[in-house]
Amino acid sequence: MKATTQKLSKLRELMQCANAPEVAGISAYVVPSDDAHQSEYQCAHDERRAFISGFTGSAGTAVITQDKALLWTDGRYYQQADKQLDANWELVKDGLATTPSIGTWLGKNLPIGSAVGVDPRLFSFRAAKTIEKDLSAANCNLVGIEQNLIDQVWGADQPPRPSNNLITLNLSFAGEAIAKKWERTRDQMKQHNTNALVVSALDEIAWFLNMRGSDIAYNPVFFAFMIVTHDEIALYIDTSKLPDNFEAHLCENNVKILIHPYESIGDGVRQIAAETNGKIWISPTSSLYLNCLVPKSARHQDITPIAIFKAIKNDKEIEGFAKSHIRDGVALCQYFAWLESAVARGENVDEMSGADKLESFRKTKDNYMGLSFTTISSSGPNGSVIHYHPAKETNRPINDKEIYLCDSGAQYLDGTTDVTRTFHFGNPTDFQKEAYTRVLKGQLTFGSTVFPTKTKGQVLDVLARKALWDVGLDYGHGTGHGIGHFLNVHEGPMGVGFRPMPDDPGLQQNMFISNEPGFYKDGEFGIRIEDIVQIVPAEGKHNFANRGALTFKTITMCPKQTKMVIKELLTKDEIKLLNDYHKLVWETLSPLLSEDSFTLAWLKKETNPI
């Protein structure tokens, strides 16, 4: 029997008797990746889409009708989904020009008048309204089903929601007191004539309160909601997770916070909506459930001011980012030096043992708190799976015959890291070297670009792709994402990619994003080179008519393998950029490796100018 057969059968029975206002039974049920906070990554309790489909990637939406089961996911996960979905399921490759949206597909494949069910807590307002619009065009309806049907199928086997203890983040790391953040938030609320702000994004709450948690693996966040008014801050949370020094933390930050049960957020929003005569600020990326508790006439729908404050790092956060990336760079150099030597000696090293070894180096660094995501340690064909995670079933040796791609990162009290390097420890083919060089050209070009303040990230995406496009190559993921400060490794609202980002406020000074073009040959190899870059002022002759000129400053400190480079494909400017970067890496890291002659020798070799 196929792995998902019984689950789908039980779900379809529940769909036939699912009730909503004026609806008896639904023709389709849509299962997103989201939790009630629209998080990118979920705790085990909220992995509903993975449970029903078997697909474990971080992005994807399942659609189940009475006779079909489909999964929409993007280019990062095509190969993974192909391998993980059983024969009950059909993969729909999102992002292709010929791929219909979920709402369009449902409208064409369901009878007129059909009802499509969703859990309103798990769908953002924006995503739900997009599907609803497509369904309406086909005379079908989107309906909210209060009792989650996947939870009913899962039953007693569903893992409990975690409620791990929190930690407070000292101002020496956070750089700004809660009281100051509240003051800036109230200023924005006044400018937009709003009396309350509803916050559901977990990283926004953690950043605002200078606290961190561990309810979601690799993401230092905790389950909570928050309502901010001009007079008070209300936190909806399981009180058992509050730390012993919580009151002292509030005193240090010069605020008082009202505590309410986590489950009562709905009552809190209803109450504030009933009591206020003005507008209530709520993000369209918050759930359909929370948005609909606020009367339409009272909604001010926009990304929260906290999202933008968090994205523009303060002086202490900037200092922490630089220091944490230097320490992380030392760990990376120690790992890659060890790995190259181990492979040359013929030692038995594989993807999993390699990832463990890298983690062991990171654990020795100051302020280390854990990994920022599961290490993508991938050899040969596994590297072509963009978000591959090594496992016993797929584990491959790391050797001198195949390309090795390592995408990894760590959480430190003073910053979050995310870095990708690609190596070949033997003799790469001409095509592999050309692909690597063209990825590098794109990365160097993007990283040295000068652009006007508040340029949308999507505008810059082509700069990283052009060298690949020149010969008909491309990659199926974005070029850059924001990154949190001891927070989520993927952070909005800005980013760089081929898809529009509706909430992108434009790139601004002291935002931090990734610079990570790549190329993937299905079933053979993957190449990606990734740095974290800080957006800094640039010198421009005309300064874009006083709009202000910006550029990128690379803070990742780790060599890029030059053995894979075809020098003749690089321009003089690109060669200078690469050599200047390696000079900086050497000058920054070599003093820290003075007592590690083995790694120091490797660093010297890898940073020699070409």
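Shown above is the structure to which this text applies.
Every chain begins its residue count from 1, and numbering advances along the sequence as written. pLDDT decides what is reported in this predicted model: residues at 70 or higher carry local features, side-chain atom pairs at 80 or more are listed and counted, and totals for whole chains, interfaces and linings draw on all residues regardless. Excluding hydrogens and water, the side-chain figures rest on all heavy atoms present in the structure.

K.L.:
Go over the pairing of strand β29 (residues 531–537) with me, naming the residues and quoting the values.
P.N.:
Most of β29 is tucked away: six of the seven residues are buried. Two strands qualify as a pair provided that DSSP identifies no fewer than 2 bridges between them. Comment: elements are numbered from the N terminus, with helices defined as DSSP H or I runs of at least four residues and strands as E runs of at least two. Across four bridges, strand β26 (residues 512–515) lies against β29 in antiparallel orientation. The residue bridging Ser514 from the neighbouring strand is Ile532, located in β29. Relative to strand β30 (residues 549–554), β29 runs antiparallel, the two being bridged by five bridges. When the bridges of β30 are listed, Pro537 appears paired with Leu550. Residue burial is assigned from relative accessible area. The probe radius is 1.4 Å, only protein chains are included, and a residue is buried under 20% of its type maximum, exposed over 50%, and partly exposed in between.

K.L.:
Outline the packing of helix α4 (residues 102–109) against helix α5 (residues 125–137), supporting the account with residue identities and numerical values.
P.N.:
Note on geometry: axes are C-alpha line fits, over the in-contact stretch for helices, and angles between N-to-C directions span 0 to 180 degrees. Packing of α4 against α5 brings their axes to within 8 Å, and their N-to-C directions diverge by 25°. With respect to each other, α4 and α5 are oriented roughly parallel. In this structure, the crossing between α4 and α5 has a hand that is right-handed. Contacts from Ile102, Gly103, Thr104, Leu106 and Gly107 in α4 reach Ile131, Asp134 and Leu135 in α5. The residue classification treats Ala, Val, Leu, Ile, Met, Phe, Trp, Tyr, Cys and Pro as nonpolar and Asp, Glu, Lys and Arg as charged. All others, Gly included, are polar. Residues belonging to the contact of α4 with α5 are distributed by class as follows: four nonpolar, three polar and one charged. Angle categories: roughly parallel below 35 degrees, roughly antiparallel above 145, roughly perpendicular from 65 to 115, and oblique for all the rest. For any pair of crossing helices, the crossing counts as left-handed if the nearer helix is rotated counterclockwise from the farther one by less than a right angle, and right-handed if it is rotated clockwise. Working rule for contacts: check all heavy atoms of both residues, and any pair within 4.5 Å makes them a contact.

K.L.:
Can you lay out the nonpolar core for me, pointing to particular residues and giving the numbers?
P.N.:
What is meant by a nonpolar core is a set of buried Ala, Val, Leu, Ile, Met, Phe, Trp, Tyr and Cys residues, joined one to another through side-chain atoms within 4.5 Å. Within the largest apolar cluster, 53 residues are counted, with the highest numbers of intra-cluster contacts made by Ile205, Phe208, Leu209, Phe222, Met226, Val269 and Leu290. In terms of residues, this core owes the most to one element, helix α9 (residues 202–209), which gives six residues. Here Leu290 is in contact with Ser200, Phe225, Ile265, Val269 and Ile282, once residues within four sequence places are set aside.

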